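Observations on the model geometry
These are the residues of each chain, in order.
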Amino acid sequence: MKEMLNERGYKATPARLAILDIFSKSKFPINAEIVYKNISKIKALRKTNEATIYRTLLSLESCGILKRINLRKNSAYFELADDHHHHIVCTKCNEIEDFENSELEKILGGIVVKSSKFKNVREHSLELFGLCRMCA
Ligand SMILES: [Zn+2]
Ligand SMILES: [Zn+2]
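Residues numbered from 1 in each chain as written. Chains lettered and ligands numbered in written order. Predicted model: local features only at pLDDT ≥ 70, side-chain atom pairs only at ≥ 80, totals over all residues. Heavy atoms only, no water.

What about the coordination of the zinc ion (ligand 2)?
Protein-derived coordination of the zinc ion (ligand 2) comes from His84 (NE2), His86 (NE2), Glu105 (OE), Glu105 (OE) and His124 (NE2), at a distance range of 1.9 to 2.5 Å. Mapping the donors of the zinc ion (ligand 2) onto the primary sequence yields the spacing H-x1-H-x18-E-x18-H. (Donors = N, O, S within 2.8 Å, 3.2 Å for Na, K, Ca; no water.)

Put into C-alpha coordinates, the structure is as follows:
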(Lines give C-alpha, C1' and ligand atoms only; values in the text may rest on other atoms or scores of the structure.)
(Ligands and ions follow the chains in the order given, each with its own letter.)
Protein backbone atom coordinates (compact mmCIF):
# COMPACT_ATOMS: atom_id res chain seq x y z
CA MET A 1 0.00 0.00 0.00
CA LYS A 2 2.86 2.32 0.88
CA GLU A 3 4.55 1.69 -2.49
CA MET A 4 1.24 2.14 -4.26
CA LEU A 5 0.94 5.66 -2.80
CA ASN A 6 4.59 6.59 -3.31
CA GLU A 7 4.55 5.46 -6.94
CA ARG A 8 1.75 7.91 -7.54
CA GLY A 9 3.47 10.76 -5.73
CA TYR A 10 1.40 10.55 -2.57
CA LYS A 11 2.86 10.51 0.91
CA ALA A 12 1.88 7.37 2.80
CA THR A 13 0.25 9.19 5.71
CA PRO A 14 -1.20 7.11 8.58
CA ALA A 15 -4.73 8.16 7.52
CA ARG A 16 -4.23 7.12 3.89
CA LEU A 17 -2.68 3.80 4.91
CA ALA A 18 -5.49 3.12 7.37
CA ILE A 19 -8.12 3.94 4.73
CA LEU A 20 -6.48 1.63 2.19
CA ASP A 21 -6.25 -1.08 4.83
CA ILE A 22 -10.01 -0.78 5.42
CA PHE A 23 -10.60 -1.14 1.67
CA SER A 24 -8.32 -4.15 1.37
CA LYS A 25 -10.26 -5.90 4.14
CA SER A 26 -13.70 -5.00 2.82
CA LYS A 27 -15.39 -7.52 0.54
CA PHE A 28 -17.76 -4.91 -0.89
CA PRO A 29 -17.69 -1.31 -2.09
CA ILE A 30 -17.96 1.08 0.86
CA ASN A 31 -18.78 4.77 1.30
CA ALA A 32 -17.19 7.57 3.34
CA GLU A 33 -19.53 6.91 6.27
CA ILE A 34 -18.42 3.28 6.60
CA VAL A 35 -14.76 4.28 6.27
CA TYR A 36 -15.34 6.93 8.94
CA LYS A 37 -16.88 4.39 11.36
CA ASN A 38 -13.81 2.19 10.98
CA ILE A 39 -11.32 5.04 11.21
CA SER A 40 -12.87 6.39 14.41
CA LYS A 41 -12.07 3.05 16.09
CA ILE A 42 -8.36 3.74 15.55
CA LYS A 43 -7.13 5.76 18.53
CA ALA A 44 -4.53 7.83 16.68
CA LEU A 45 -6.97 8.73 13.90
CA ARG A 46 -10.23 9.14 15.74
CA LYS A 47 -10.20 12.93 15.26
CA THR A 48 -10.29 12.56 11.48
CA ASN A 49 -13.63 13.89 10.30
CA GLU A 50 -15.86 12.56 7.58
CA ALA A 51 -15.15 15.46 5.21
CA THR A 52 -11.41 14.75 5.37
CA ILE A 53 -12.09 11.09 4.70
CA TYR A 54 -14.25 11.97 1.72
CA ARG A 55 -11.52 14.23 0.31
CA THR A 56 -8.99 11.43 0.76
CA LEU A 57 -11.29 9.01 -1.08
CA LEU A 58 -11.56 11.45 -3.97
CA SER A 59 -7.80 11.87 -4.21
CA LEU A 60 -7.27 8.10 -4.05
CA GLU A 61 -9.83 7.83 -6.83
CA SER A 62 -8.15 10.43 -9.02
CA CYS A 63 -4.78 8.67 -8.75
CA GLY A 64 -6.40 5.38 -9.74
CA ILE A 65 -6.04 3.42 -6.50
CA LEU A 66 -9.76 3.50 -5.76
CA LYS A 67 -12.61 3.12 -8.20
CA ARG A 68 -16.00 4.74 -7.73
CA ILE A 69 -18.91 2.34 -8.13
CA ASN A 70 -22.36 3.61 -9.03
CA LEU A 71 -24.68 1.68 -6.75
CA ARG A 72 -27.57 4.15 -7.24
CA LYS A 73 -27.38 5.18 -3.61
CA ASN A 74 -27.22 8.70 -2.21
CA SER A 75 -23.55 8.45 -1.34
CA ALA A 76 -20.52 7.55 -3.41
CA TYR A 77 -19.18 4.02 -3.00
CA PHE A 78 -15.60 3.05 -3.71
CA GLU A 79 -13.48 -0.09 -3.89
CA LEU A 80 -9.86 -0.90 -4.67
CA ALA A 81 -9.30 -0.64 -8.42
CA ASP A 82 -6.95 -3.64 -8.50
CA ASP A 83 -9.06 -6.36 -10.11
CA HIS A 84 -11.70 -5.86 -12.74
CA HIS A 85 -15.19 -7.14 -11.95
CA HIS A 86 -18.85 -6.16 -11.87
CA HIS A 87 -21.59 -6.16 -9.25
CA ILE A 88 -25.12 -7.35 -8.69
CA VAL A 89 -26.87 -5.05 -6.24
CA CYS A 90 -30.06 -5.64 -4.22
CA THR A 91 -32.28 -2.56 -4.49
CA LYS A 92 -34.00 -3.36 -1.19
CA CYS A 93 -31.21 -4.24 1.23
CA ASN A 94 -27.45 -3.70 0.89
CA GLU A 95 -26.55 -7.09 -0.55
CA ILE A 96 -23.85 -6.91 -3.22
CA GLU A 97 -22.28 -9.75 -5.18
CA ASP A 98 -19.20 -9.48 -7.38
CA PHE A 99 -19.05 -11.25 -10.70
CA GLU A 100 -16.68 -11.62 -13.61
CA ASN A 101 -17.48 -12.99 -17.04
CA SER A 102 -14.91 -13.37 -19.79
CA GLU A 103 -17.57 -13.72 -22.52
CA LEU A 104 -19.05 -10.41 -21.41
CA GLU A 105 -15.62 -8.77 -21.47
CA LYS A 106 -15.13 -9.97 -25.04
CA ILE A 107 -18.50 -8.58 -26.12
CA LEU A 108 -17.92 -5.24 -24.39
CA GLY A 109 -14.46 -5.02 -25.94
CA GLY A 110 -15.95 -5.45 -29.41
CA ILE A 111 -18.60 -2.74 -29.08
CA VAL A 112 -16.30 0.14 -30.05
CA VAL A 113 -15.29 -1.60 -33.29
CA LYS A 114 -18.80 -0.97 -34.61
CA SER A 115 -18.91 2.61 -33.38
CA SER A 116 -18.79 5.38 -35.98
CA LYS A 117 -17.74 8.01 -33.44
CA PHE A 118 -15.38 6.28 -31.06
CA LYS A 119 -11.86 5.06 -31.65
CA ASN A 120 -11.28 3.31 -28.34
CA VAL A 121 -12.80 2.63 -24.96
CA ARG A 122 -10.54 2.87 -21.94
CA GLU A 123 -12.77 1.34 -19.32
CA HIS A 124 -16.28 0.28 -18.53
CA SER A 125 -18.47 -0.30 -15.53
CA LEU A 126 -21.52 -2.47 -15.29
CA GLU A 127 -23.76 -3.04 -12.33
CA LEU A 128 -26.89 -5.19 -12.30
CA PHE A 129 -29.79 -4.28 -10.02
CA GLY A 130 -32.44 -6.58 -8.63
CA LEU A 131 -33.60 -8.37 -5.50
CA CYS A 132 -31.50 -10.83 -3.54
CA ARG A 133 -32.91 -14.18 -2.44
CA MET A 134 -33.73 -12.80 1.02
CA CYS A 135 -35.69 -9.83 -0.35
CA ALA A 136 -37.41 -11.42 -3.36
ZN1 LIG B 1 -31.62 -7.83 -0.46
ZN1 LIG C 1 -15.88 -5.78 -17.34
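Considering the coordination of the zinc ion (ligand 1)
Bound to the zinc ion (ligand 1) are the protein donor atoms Cys90 (SG), Cys93 (SG), Cys132 (SG) and Cys135 (SG), situated 2.1 to 2.5 Å from the metal. One way to put it: the four donor atoms around the zinc ion (ligand 1) meet at angles of 99 to 120 degrees, and that makes the site tetrahedral. Read from N- to C-terminus, the donor residues coordinating the zinc ion (ligand 1) fall into the pattern C-x2-C-x38-C-x2-C. With cysteine 93 in the loop between β4 (86–90) and β5 (96–99) and cysteine 135 in the segment after β6 (127–130), this pair connects stretches of sequence that are 42 residues apart. Here cysteine 93 falls in the partly exposed class, since its relative accessible area comes to 26%. (Tetrahedral: all angles 85-135°; square planar, octahedral: opposite > 155°, others 65-115°. Helix = DSSP H or I, 4+ residues; strand = E, 2+ residues; numbered from the N terminus. Buried < 20%, exposed > 50% of the residue type's maximum accessible area, 1.4 Å probe, protein only.)

Points about the pairing of β4
The buried count for β4 comes to four of five residues, which makes it a mostly enclosed element. Across four bridges, β4 lies against β6 in parallel orientation. Directly across from isoleucine 88, in β6, lies its bridge partner leucine 128. (Pairing = 2+ DSSP bridges.)

A closer look at the packing of helix α3 (residues 32–39) against helix α4 (residues 50–62)
Put simply, α3 and α4 touch, their axes get as near as 9 Å, and they point 120 degrees apart. On the basis of the axis angle, α3 is oblique to α4. Our pair here, α3 against α4, has a crossing hand that is right-handed. Across from Ala32, Glu33, Val35, Tyr36 and Ile39 in α3, the residues of α4 making contact are Glu50, Ile53, Tyr54 and Leu57. Residues belonging to the contact of α3 with α4 are distributed by class as follows: seven nonpolar, no polar and two charged. (Axes fitted to C-alpha atoms, helices over the stretch in contact; angles between N-to-C directions. Parallel < 35°, antiparallel > 145°, perpendicular 65-115°, else oblique. Left-handed = near helix turned anticlockwise from the far one by under 90°. Contact = heavy atoms within 4.5 Å. Nonpolar A, V, L, I, M, F, W, Y, C, P; charged D, E, K, R; others polar.)

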